[in-house]
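Per-entry structural report
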Amino acid sequence: MGDSTVTTLEEGREQAAPRSVTDGPEPGALHRLRAPRRPRFWFEILLIAVSYWTYSLIRNAVPEQRTQALSNADWIWKVEHHLGIAVEETINHSVNSVTWLIVGMNYYYATLHFIVTLSVLVWLYRSHPGRYAATRLVLFATTAVALVGYYFYPLAPPRLMTGEHFIDTVVVHQTWGSMASGDLKNMSNQYAAMPSMHIGWSLWCGLTIFALASVPWVRVLGLLYPALTLVVIVATANHFWLDAVGGMMCLAFGFGVARLWYGTLPYALPRQVARSAGPTEPAPVKV
């Protein structure tokens, strides 16, 4: 055997040698991590349950800084007067005069926030699995950044302001409603009004339905849902207009996170993903 044979054997051994753990990830690993994949049912149930429990725990663990929260509420109220949009008290009193309407809004505020959001998640899971994870990321990132707002900017809702005449509609009409009123108020942080996640979540639902639903009237309902939610949070004196703006800003942040991670908006991802999807991203499926 000559030198050429020895050289060939040595080159073969080098090629067959395993990659060192210090060599870093294989090319394309990040792409595979980002690629849409089919969600797993039990994992999603566990993830959503744990995430909401963590969100509630952190939100309610934020110190209830009553003095600062009331001071911030006075400042928000003054700013809205300066902008000419301080009509929350008028809306609150007008709607409260119609008993059946305000009672309905109390129940709306207490229940649809969860029911509609979960329903949209289930719809995404079943009908748009390729877009599910990215759209869910928007919701999670929106909620996470809201916690920062609760911690650094405690804010009393209008119904708890002193020196004003807002009506706590849940207390007045003795309806089961917001956990921030009545017998359940000790279970929730009273001064976490900024940003409004009723707006953040409802707008997430509305945009998702509008972007992905194929039935025109369902798409219209998608847009009406956050608009009606805005009226409800003001009429029940749970939020200022500017709390809603804060919720919209948090949602914009959520979309930004998803855009950076997936390289596109969630709604532009393929609708379906093969069960055995490999490292290559599946081709988009027309809706």
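The following refers to the structure shown. Keep in mind that this is a model prediction, so the values were computed, not measured.

Digging into the overall build of the protein
Within the protein, the secondary structure is distributed over eleven helices and zero strands. Looking at the protein residue by residue over its 287 residues, the buried ones come to 42%. Considering only intrachain contacts with a sequence separation of at least 6, the fraction spanning at least 24 residues in the protein is 81%.

As for the pattern of salt bridges
Overall, the coordinates contain one salt bridge when judged by the stated rule. We note a salt bridge from Arg159 to Asp168, for which the minimum N-O separation is 3.4 Å. Take Asp168: its relative accessible area is 14%, and that puts it in the buried class.

Considerations on unusual backbone geometry
Following Met194, the chain continues into Pro195 via a peptide bond in cis, with omega recorded as 0°. Within the secondary structure layout, Pro195 lies in the loop between α8 (169–173) and α9 (197–212). A positive phi is found at Ala237, a non-glycine position, where the angle reads about 60°. For Ala237, the position within the fold is in the loop between α10 (216–235) and α11 (241–262). Overall, Ala237 belongs to the buried group, its relative accessible area being 1%.

Points about the side chain of Thr135
In this fold, Thr135 is placed in helix α7 (residues 129–152). For Thr135, a relative accessible area of 1% gives the class buried. Among residues more than four places away in sequence, those in contact with Thr135 are Leu124, Trp204, Thr208, Pro266 and Tyr267.

Rules used in this analysis
- Residues numbered from 1 in each chain as written.
- Predicted model: local features only at pLDDT ≥ 70, side-chain atom pairs only at ≥ 80, totals over all residues.
- Heavy atoms only, no water.
- Helix = DSSP H or I, 4+ residues; strand = E, 2+ residues; numbered from the N terminus.
- Buried < 20%, exposed > 50% of the residue type's maximum accessible area, 1.4 Å probe, protein only.
- Contact = heavy atoms within 4.5 Å.
- Salt bridge = Lys/Arg side-chain N within 4 Å of Asp/Glu carboxyl O.

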